[in-house]
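Overview (structure and organization)
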Amino acid sequence: MEDLEKQRLTEDSSREKNWKRWGPYLSDRQWGTVREDYSPDGTCWDYFPHDHARSRAYRWGEDGLLGICDREGRLCFAPVLWNGQDPILKERLFGLGNGEGNHGEDVKEMYFHLDSTPTHSYMKALYKYPQRAYPYAQLVEENRRRGKQDREYEITDTGVFDDDRYFDIYVEYAKAGPDDLLIRITACNRGPEDWTLHLLPTVWFRNTWSWGRSGEGYWARPVISRDRSGFWLAHESLGNFHFAVERKTELLFTENETNAERLFGLQDPEHHAKDAFENYIIHGRKDAVNPEQTGTKAAPYYRLDVPARGEVQLRFRLSSTDIAPEQPFDSGFDETFAARIAEADAFYDTVLENKMSAGERLIARQAYAGLLWSRQFYHFAVRDWLE
């Protein structure tokens, strides 16, 4: 068993099997980066702030919570959350811009990369989501008030996690094959009361069709449509994929396009925009999503009543249509997870020194996970970017 992950590494390096085609390459935060700066004076923080991210289509990458994508960033997956209190959906990491904090740029979130093999045959990560309203304004205002000699004001200082009123959101991935990804999302209510968690496991295509160019990296508009057990996803370069949904629920569709009306006050020809799910769920705008059930961004929408100190788990599967199984959630699903976890344990038994204590091995393994989860797709066509 200890040789199976090494065997996958050998198959990948020899181009026999593309085991690294899918991984944690989705950025934790794309907004406010030089990649998404089209300003005349290079002020990326002001040009593309966090407030724009939910409504404005990126050009050079995408972002999401503990998500995955292919190695060219064409098709992305990440969970989206809402606690019933926040003014916006929790779709990506929030933080301070370079000029907002007393110690510069800083993400204000609680998230942890727990495990990963080098081929990402198994991955696990954790996001801690408060049940109280997320203190966006409080974090910005208090950090702005403090001087450089003061310590940073962190999310744990706000009291938002007091009394254990939060969810632990565990996201796990296991590969049954290079183009067959099994997904488990487990929501654990750590608080003393039952709480409703709104969960949207979202798939979407990076926008490569709106920039007026042709050639590699500027493919035609792909499409996501409904099928009997989830979504059909078709992309000119990537090929066709199926996203299987185990627990039936409402399916939402929109386009990964900028909401020009919200951001710039312009008449919006793309009525079904990137922020449609937020408008539909939080603001009750039923016309925000596409009733034709097609688009370039889609998600099943779950309202999960999670009991106090209890948990709920959901399962999904993203597979190439060439190999998509007829029964995506049969006994083989959990068996694959168990096998990949065992193989990950065996692999790290060969990597970590035997003289390390159990605690030291845990620290080292999570450190490796942090390195491996930090691999990111970085699309940087210099000539196009400069022009």
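Cut-off values and rules
- Residues numbered from 1 in each chain as written.
- Predicted model: local features only at pLDDT ≥ 70, side-chain atom pairs only at ≥ 80, totals over all residues.
- Heavy atoms only, no water.
- Helix = DSSP H or I, 4+ residues; strand = E, 2+ residues; numbered from the N terminus.
- Rg over C-alpha atoms; globule rule 2.2 N^0.38 Å.
- Buried < 20%, exposed > 50% of the residue type's maximum accessible area, 1.4 Å probe, protein only.
- Contact = heavy atoms within 4.5 Å.
- Areas by Shrake-Rupley, 256 points an atom, 1.4 Å probe, with all protein chains shown as cover.
- Lys, Arg positive; Asp, Glu negative; His and termini not counted.
- Charge placed at Lys NZ, Arg CZ, Asp CG, Glu CD.
- Phe/Tyr/Trp six-rings, centres within 6.5 Å; stacked < 30°, edge-to-face > 60°.
- Lys NZ or Arg CZ within 6 Å of the ring centre and 35° of its normal.
- Core = buried A, V, L, I, M, F, W, Y, C linked by side-chain atoms within 4.5 Å.
- Expected span 1.5 Å × (residues − 1).
- Salt bridge = Lys/Arg side-chain N within 4 Å of Asp/Glu carboxyl O.
- Pairing = 2+ DSSP bridges.

Description of the overall build of the protein chain
When helices and strands are counted, the protein chain shows nine helices and 17 strands. Radius of gyration (C-alpha) of the protein chain: 21 Å, near the 21 Å computed for a compact globule of 387 residues. Split into buried and exposed, the 387 residues of the protein chain put 58% on the buried side. Summarising the internal contacts of the protein chain: among those between residues at least 6 apart in sequence, 70% fall at separations of at least 24. Looking at the protein chain as shown, the accessible area adds up to about 16800 Å², and 47% of this sits on carbon and sulfur atoms. Across the protein chain, the 50 positively charged side chains and the 66 negatively charged ones have centroids separated by 1 Å.

Structural notes on the packing of aromatic side chains
Summed over the entire model, instances satisfying the criterion amount to 21 aromatic pairs. With centroids separated by 6.3 Å and ring planes inclined at 85°, the aromatic side chains of F77 and Y173 adopt a geometry described as edge-to-face. One end of the pair, F77, is in strand β3 (residues 75–82); the other, Y173, is in strand β8 (residues 166–177), with 96 residues separating them in the sequence. In terms of burial, F77 and Y173 fall into one category: buried. Between Y122 and F337, the ring centres sit 6.4 Å apart and the planes meet at 90°, which makes this aromatic pair edge-to-face. Of this pair, Y122 sits in strand β7 (residues 122–130) while F337 sits in helix α7 (residues 331–351), and the two are 215 residues apart along the sequence. The ring of W31 is capped by R29, whose NZ or CZ atom sits 5.0 Å from the centre of that ring. Between the NZ or CZ atom of R56 and the centre of the ring of F48, over which it lies, the distance is 4.5 Å.

Some points on the nonpolar core
Among the nonpolar cores identified, the biggest contains 70 residues, and I169, F231, L233 and F243 are the most heavily contacted of them. If sequence neighbours within four positions are ignored, I169 has contacts with L66, L81, A125, L126, Y127, Y129, I185, T186, A187 and L197.

Description of helix α8 (residues 358–373)
Over its 16 residues, α8 extends 22 Å from the first C-alpha to the last, a length consistent with the 22 Å expected when each residue adds 1.5 Å. For α8, the full list of buried residues reads R361, A364, R365, A369, L372 and W373. Looking at the buried residues of α8, the elements they touch are β6 (111–116), β7, β8 and α7.

Structural notes on the side chain of R74
Turning to its location among the elements, R74 is positioned in the loop between β2 (68–70) and β3. The contact partners of R74, leaving out residues within four places of it in the chain, are R21, W204, F205, R206, W219, H235, S237 and L238.

Considering the pattern of salt bridges
This model, assessed by the stated rule, comprises 39 salt bridges. Residue E278 pairs with R54 through a salt bridge whose shortest N-O separation is 3.0 Å. Within this pair, whereas E278 is found in helix α6 (residues 276–281), its partner R54 is found in the loop between α3 (50–53) and β2, the two being separated by 224 residues in sequence. Residue class for R54 comes out buried when judged on its relative accessible area of 12%. In this structure, R315 engages D334 in a salt bridge whose closest nitrogen and oxygen atoms are separated by 3.1 Å. Pair noted here: R315 is in strand β17 (residues 311–320) and D334 is in helix α7, with a separation of 19 residues, a long-range link. Look at D334 and you get partly exposed, because its relative accessible area is 38%. Because the salt bridges share partners, they merge into one network encompassing E172, R184, E246, R315 and D334.

Notes on the sheet that holds β3
Strand order across the open sheet formed by six strands is β1-β2-β3-β10-β16-β14, with antiparallel pairing between neighbours. At either margin of the open sheet sits one strand with a lone partner, and together these are β1 (22–23) and β14 (250–254). When β14 meets strand β16 (residues 297–306), the two strands line up antiparallel, connected through five bridges. Bridging across to β16, F253 finds its partner in A298.

Points about the pairing of strand β13 (residues 239–245)
Counting buried positions along β13 yields five of seven residues, so the element is predominantly enclosed. As paired strands, strand β12 (residues 230–235) and β13 are joined by six bridges and run antiparallel to one another. Across the sheet, W232 pairs through a bridge with H242, a residue of β13. The turn linking β12 back onto β13 is made up of three residues. With five bridges connecting them, β13 and β17 associate as antiparallel partners.

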